Amino acid sequence: MKRPAWFERRRQTWLTRRHPTSTDTTRLKHNQIYVLPTGFGFAFAVTALLVLIGAINYQLSLAYAFAFLMFGIGHAGLLQGFRNLLGLHVTVGQAEPVFTGENAHFPIRLISDKARISIYLSAGRDSVVAANIQPRSSNETWLPVPAIQRGWLVLPTVQLESRYPTQLCRAWSYARLAARVLVYPQPESNAPPYQLASNSDEGGSVWRRGEDDFAGLRRYQPGDPIRRIAWKQAARDEHLSIKQFDSPQSAAYRFDWHDLALQSAESRLSRLTAWVLAADLAGDRYGLTLPGTTLPLDHGPAHRTACLTALALFEAQA
Amino acid sequence: MRTTHRRDDLPRQPLYGLVAALALVLLPHLTQLALWHAALILLPLAWRAWLAWRGKALPPRWLRLVCAAGLMLIVFVQFRTLIGRDGGVVLLASLVSAKLLETANRRDARILSLLAYFTTGAAFLVSQSFWMLAYTIVCTLVITAQLHGWQRLDGKLPWTEYRRAGWMLLEALPVALLLFVIFPRLSGPLWQMPADKPGASSGLSDRMSPGSFTDLALDDSVAFRVDFEGKPPSKSSLYWRGPVYERFDGRNWEQAFGTTTTPTYEAIGPTYNYTVTLEPHNRSWLLGLDLPTPGKTLSGVRITSRLQAVSEQVVTQRKRVTLSSVLTWKMADDNPALQQNLLQNQMLPRLGNPRARALAEGWRNLSPNARLAAALTFLGSGKFTYTLDAPLLLGPDPVDTLLFQTREGFCEHYASAFVYLMRAAGVPARVVGGYLGGEFNDNYLIVRQTDAHAWAEVWLPGLGWQRVDPTAVVAPGRVTQGIAHSVRGAERLPLLLQENAAWLAAARLRWDAVVYGWDRWVIGYDTQRQLQLFGQLGIDDFSSPRFIGWLSGTLLALLLLYWAILNAQRSRKTQDAARQQWSRWLRMLAKQGLVPSASEGPRDFAQRVARHLPANALAAHAIGAAYIATRYADRPEALAELRRHVSAFRPG
């Protein structure tokens, strides 16, 4: 069921006023927690009513008492759910940049003085994670948020929800945390080799496979060739690493927006992104030219990040 | 073919919790069944637990259906119905048990939990004792705790969940109490379920055979309890009048049911008002002192033409009735319609008991009063023994055998023989069953089955029906002192009635007072009690300002209580821990001569420490900041930092 637009607008205004955006830790206060019965809670109430009807019919005083005890339990479930969220501290860390179409993972840290069980975090329908927190400790969970568009992805309002302990009630709250992550354009799959398409200028070095000088390690990314994985290193580390090579005689390429014979801006960006990644992987030197921006020939992780950032924020600057 | 095996995705620990909860919940209902039936109902529970333990798949659908249908069939065969109170409850128990076999996901488990709650509520159909309430609270705790297990991410059911469930019950208590007190009580059933067969019950029956009261004397369960308004009558006049037996077949006495005219009577002496709390006996008669009068009697109670107080409905639940009685009276015999009844009360079987008949025939010339006196003199001659070990009177002439051979009998034997003599002598007479005496426990009277008694009523000209107790002349102590003092064979009586068990009897009386209070204020909390309680609080009407005041006051008090609890719980532990670390640090500094002054806050003091101990300046600032963050900024995560800095602090 889709909510009408006016309702959604009002809701957003109300949410912004009630849950101000926090750049630091936000603490869930009592007036920021909402509780409503779940379907199971309604079924429970119906059961209690049936007990009550039986009590009236059979004139069983203790069955009256039991029905009322059930109502009391429902009420206690409400309080427990409320307290499972009350006073919870929420803060967010820096997320790693991602490519469009992937999930950005925001590290959400939950800090609590007491044990909290089965807290569900969500930012939109497709991103839900659950967490337990031990008393006087914190828990970091990675909240996935789909990166649909390149550019800055702002962390949406995070909903914290608890149906613990009884599932009779659903208690929830919102945390508006100031966090954003850069989303790079989606690299074009099966992009033509950049060696052929782009003009190799500025010194006209002979291109060679840059595998002679070992230059260092960088973190493995999906798509990297398996034969370049540093297996010895992998046995020691938690993550896989890729061996990188420095080849001073390697070719240099300039990737120019204007040279591409593609229709849309997005597909150009997509192609350029694919080339930047490929050239970085190959260890080639490369430069990037976009309308209004030119990045010099260089190589290495910092250059790669600079290029991808320029691609991600392209339209915003133009 | 589609496979009907259901994979079992349920975590084991909560599942075991669910099985345990169901077993607990079913137990009160299973006690009402034959052992084999109870075992059959428990079987699916054990099976399901075993499947989970071995990690096996659930049984195929046809087997589950066979299981459920089989259990239902057994219920139908046993009860001849699937609805109604008893059959319905056993059906519910069977379905709960069968449902567990197909419980394969958390949703099923939750639905089953709801059924478990309902079945727990139904346990009060079995009993409404204090113990049953305690037991159902345990059941509720276990059901609620396993419900928590289904919510956990780790699939475990640690003991802390039972503690949490306990807390929830404590939190539920004020709400439950408030609702219990103020929820309006309806005074009649909403609908009538199909009549349930009355179970076997002890107590008087509508037929009196030789030996039937002897059996009752051995049963010390409570028959009813009485509260008197004002001073109760003396113990020897506490004849609780029950069924009136008028038809005699030579051996057994039975009630006659044809209606006759109610004799008009004139009360002499005071009227006693009292409330009888009757244990269920599955009969319609009530027990009132003779003679019950319409006085304060409520609706639903009727006085029959045989001067019996009866309820309009069979008493299947503990029942409280208010009755009025007079102890002495005079009846007019001018009503010709009554003669028919009086003639019936002189009838005897044509044959049998020649000697008794001959004895009574000899009194025919005397006045009715003199005939009565003669019969009592005969019984009071000292030749008769009042005993629980009366021989069986099996011959064709039981009255003759009793009066002239064995001379040993219990109250029903003497009442029967006496009425036989009176009828043979031409005096209208009948047997009355009921209870005699009782035991005062502070301000109320307990009457037990042991006090069951049979006596006679004879019609005397000018006086009407008058009570005559032949047992009183055989064993005068029975009326004045109770059964244990007067009967031979008293060692067969229940232990607590025997004279040498005084302390036990005292303890039992105290316990009975608790039970009776429970019955009056908890079980018997009905419209009447509710109005009485509200009346004591000064509330006469639900819409009165006073009631609204009480209600809102109570609700407000509850809310304030919750608020206080919430506030007290909020990070108090962290703050205490922070203060502890701070004090530890202060103790270290006190050795260096650094003590915070009264006007110095933590920040100022930390700065002073930093100036005095330059080597520790950084640590001092960090401790001050962490302490402030924990205590005042409500940032519990700073506690660990505070602890680390204090532990690492080395002044100097």
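Here goes a summary of the coordinates provided. Sequence positions are assigned chain by chain, starting from 1 and proceeding in written order. Working convention: letters from A go to chains and numbers from 1 go to ligands, in the order in which they are written. For a predicted model such as this one, the threshold for reporting local features is a pLDDT of at least 70, and the threshold for listing and counting side-chain atom pairs is 80 or more; totals across whole chains, interfaces and linings nevertheless cover every residue. Hydrogens and water molecules were not included; the side-chain quantities draw on all heavy atoms of the structure.

## What about the overall build of chain A?
Formally: For the purposes of this entry, the term helix denotes a DSSP run of H or I that reaches at least four residues, the term strand denotes a run of E that reaches at least two, and both are numbered from the N terminus. A simple rule labels every residue: compare its accessible area, found with a 1.4 Å probe on the protein chains alone, to the largest value its type can have, and call it buried under 20%, exposed over 50%, or partly exposed in between. In this description, contact between two residues means that some pair of their heavy atoms is separated by no more than 4.5 Å. Areas reported here follow the Shrake-Rupley algorithm with a probe of radius 1.4 Å; residue values treat only the protein chains shown as occluding.
Scanning chain A from terminus to terminus reveals 8 helices and 17 strands. When burial is assessed residue by residue, chain A has 52% of its 318 residues classed as buried. Sequence separation of 24 or more characterises 65% of the internal contacts of chain A that already satisfy a separation of 6 or more. Counting only carbon and sulfur atoms, one obtains 55% of the accessible surface of chain A, whose full area is about 15400 Å².

## Describing the interface of chain B and chain A
Applicable threshold: Put simply, buried area is the surface a 1.4 Å probe can reach on two separate parts but cannot reach once they are joined, added for both. A carboxyl oxygen of Asp or Glu within 4 Å of a side-chain nitrogen of Lys or Arg is what we treat as a salt bridge. Polar contact criterion, stated in full: a pair of N or O atoms within 3.5 Å, where within protein one must be able to donate a hydrogen and the other to accept it, and residues adjacent in sequence count only if both atoms are side-chain atoms.
Each partner contributes residues to the interface: chain B has 59 residues there, and chain A has 49 residues. The junction of chain B with chain A conceals about 5100 Å² of combined surface from both sides, 69% of it contributed by carbon and sulfur atoms. Of all residues in chain B, Leu-114, Gln-151 and Leu-153 of chain B give up the largest surface area on contact with chain A, accounting jointly for 13% of the area buried on that side. Viewed at the interface, chain A and chain B are joined by 1 salt bridge. In this structure, the salt-bridge partner of Glu-171 of chain B is Arg-83 of chain A, at a minimum N-O distance of 2.4 Å. For the pair chain B and chain A, the interface holds 10 residue pairs in polar contact (both at pLDDT 80 or more). Elements represented by at least two residues in the side of chain B that touches chain A include exactly helix H5 (106-122), helix H6 (130-151), helix H7 (159-182), helix H17 (502-523), helix H19 (545-569), helix H20 (572-590) and helix H23 (638-648) of chain B.

## Considerations on the nonpolar core
Worth spelling out the cut-off: Only buried residues count toward a nonpolar core. Its members are Ala, Val, Leu, Ile, Met, Phe, Trp, Tyr and Cys residues joined through side-chain atoms within 4.5 Å.
Within the largest apolar cluster, 76 residues are counted, with the highest numbers of intra-cluster contacts made by Ile-73 of chain A together with Leu-18, Leu-22 and Tyr-117 of chain B. Ranked by the residues each element gives to this core, the list is headed by helix H3 (residues 61-85) of chain A, at 11 residues. Among the nonpolar cores identified, the runner-up in size contains 74 residues, and Leu-204, Leu-287, Val-315 and Ile-483 of chain B belong to it.

## Some points on a nonpolar patch on the surface
Residues and elements named next belong to chain B. Going by this rule: Only residues above 30% relative accessible area that lack a salt bridge enter a patch, with like-charged residues linked at up to 9 Å and the nonpolar side chains Val, Leu, Ile, Met, Phe, Trp and Tyr linked at up to 5 Å.
Together, Phe-130, Trp-131, Trp-511 and Val-514 line one region of the surface with nonpolar side chains, adding up to about 450 Å² of accessible area. Breaking the nonpolar patch down by element, the ones donating at least two residues are H6 and H17. Relative to the helices and strands, Trp-131 is located in helix H6. Its relative accessible area of 56% is what places Trp-131 among the exposed residues.

## Here's the deal with the sheet that holds strand S7 (residues 292-293) of chain B
Residue and element names in this part refer to chain B. Going by this rule: Paired strands are those between which DSSP finds at least two bridges.
Read across the sheet, 6 strands follow the order S7-S10-S5-S2-S15-S14 without closing on themselves; strand pairing throughout is antiparallel. Because the sheet does not close on itself, it has two edges, and the strands there are S7 and strand S14 (439-441). Bridging between strand S5 (residues 265-278) and strand S10 (residues 319-331) involves 12 bridges; their strand directions are antiparallel. Within the sheet, the bridge partner assigned to Ala-267 lies in S10 and is Trp-329.

## Overview of the pattern of salt bridges
Residues and elements named next belong to chain B. According to the stated counting rule, one finds 24 salt bridges over all chains in the structure shown. Salt-bridge contacts for Arg-152 lead to Glu-161; the nearest nitrogen and oxygen are separated by 2.5 Å. In terms of burial, Arg-152 and Glu-161 fall into one category: buried. The salt bridge partner of Asp-512 is Arg-225, with a shortest N-O separation of 2.8 Å. Here Asp-512, found in helix H17, pairs with Arg-225, found in strand S2 (residues 222-229); they are 287 residues apart in sequence, far enough to count as distant.

## Quick word on the side chain of Ser-270 of chain A
All names here are of chain A. Counting through the fold element by element, Ser-270 comes out in helix H6 (residues 265-282). You can call Ser-270 buried: its relative accessible area is 14%. Those residues in contact with Ser-270, other than ones at most four positions away along the chain, are Gln-186, Pro-187 and Glu-188.

## Notes on the pairing of strand S16 (residues 285-290) of chain A
Residue and element names in this part refer to chain A. Here is the rule: Handedness of a crossover: with both strands directed away from the viewer, a clockwise path from the first strand across the helix to the second marks it as right-handed.
Counted residue by residue, S16 has 5 buried out of 6 residues, so it is predominantly covered. Pairing geometry for strand S15 (residues 252-256) and S16, over 5 bridges, is parallel. Bridging across to S16, Tyr-253 finds its partner in Tyr-286. A crossover links S15 with its parallel partner S16, the connecting element being H6, and its sense is right-handed. Here 4 bridges tie S16 to strand S17 (residues 293-298), and the two strands are oriented antiparallel to one another. Among the inter-strand pairings, Thr-289 is bridged to a residue of S17, identified as Thr-294. Joining the antiparallel neighbours S16 and S17 is a turn of 2 residues, in which Gly-292 adopts a positive phi near 90 degrees.

## Some thoughts on the sheet that holds strand S11 (residues 169-175) of chain A
Residue and element names in this part refer to chain A. What counts is decided by this rule: A fitted line through C-alpha atoms serves as each axis, taken over the contacting stretch for helices, and the angle formed by two N-to-C directions is quoted from 0 to 180°.
If you walk across this open sheet you meet the 5 strands as S2-S11-S10-S6-S7, and the pairing is antiparallel. Because the sheet does not close on itself, it has two edges, and the strands there are strand S2 (33-37) and strand S7 (128-133). Across the sheet, the axes of successive neighbouring strands diverge by a mean angle of 25 degrees, strand direction being ignored. The sheet contact formed by strand S6 (residues 116-122) and strand S10 (residues 158-162) spans 4 bridges and is antiparallel. Residue pairing across strands places Leu-121 opposite Leu-160, the latter belonging to S10.

## Details of the packing of aromatic side chains
Residues and elements named next belong to chain B. For clarity, the cut-off: Two rings from Phe, Tyr or Trp (for Trp, the six-membered ring) form a pair when their centres sit within 6.5 Å of each other. Planes less than 30 degrees apart are called stacked, planes more than 60 degrees apart edge-to-face, and all others tilted.
A full pass over the atoms with the stated rule returns 37 aromatic pairs over all chains. On the numbers, 4.3 Å between centres and 20 degrees between planes, the contact of Phe-248 with Trp-253 is stacked. In this structure Phe-248 comes out as buried when scored by relative accessible area, which is 13%. Judged by its relative accessible area of 0%, Trp-253 falls in the buried class. Between Phe-248 and Tyr-420 the ring centres are 6.0 Å apart and the planes differ by 75 degrees, which places this aromatic pair in the edge-to-face class. Here Phe-248 is found in strand S3 (residues 239-248), whereas its partner Tyr-420 is found in helix H13 (residues 411-424), with 172 residues between them in sequence.

## Here we look at the pairing of S3 of chain B
Residue and element names in this part refer to chain B. When you tally the buried positions in S3, you get 9 out of 10 residues, the bulk of the element. For S3 and strand S13 (residues 429-436), the ladder comprises 5 bridges, and the chain directions are antiparallel. What sits directly across from Val-244, in S13, is Val-432. Inspection of the sheet shows S3 paired to strand S6 (residues 288-289) by 2 bridges, in the antiparallel sense. The partner of Arg-241 across the bridge, within S6, is Gly-288. Summarising the sheet, S3 and strand S4 (residues 253-255) pair through 3 bridges and their orientation is antiparallel. Counted as the bridge partner of Phe-248 is Trp-253 from S4.

## Observations regarding H6 of chain A
Residue and element names in this part refer to chain A. For clarity, the cut-off: Helix span is expected to be 1.5 Å times the residue number reduced by one.
In this model H6 runs 26 Å from its N-terminal to its C-terminal C-alpha over 18 residues, within 8% of the 26 Å that 1.5 Å per residue would give. Inspection of H6 places Arg-268, Leu-269, Ser-270, Arg-271, Leu-272, Thr-273, Ala-274, Trp-275, Val-276, Ala-279, Asp-280 and Leu-281 among the buried residues, and these make up the whole buried set. Taken from the residues just after H6, Gly-283 is the one with a positive phi, measuring 85 degrees.

Don't take any of this as a statement about function, it's just geometry.
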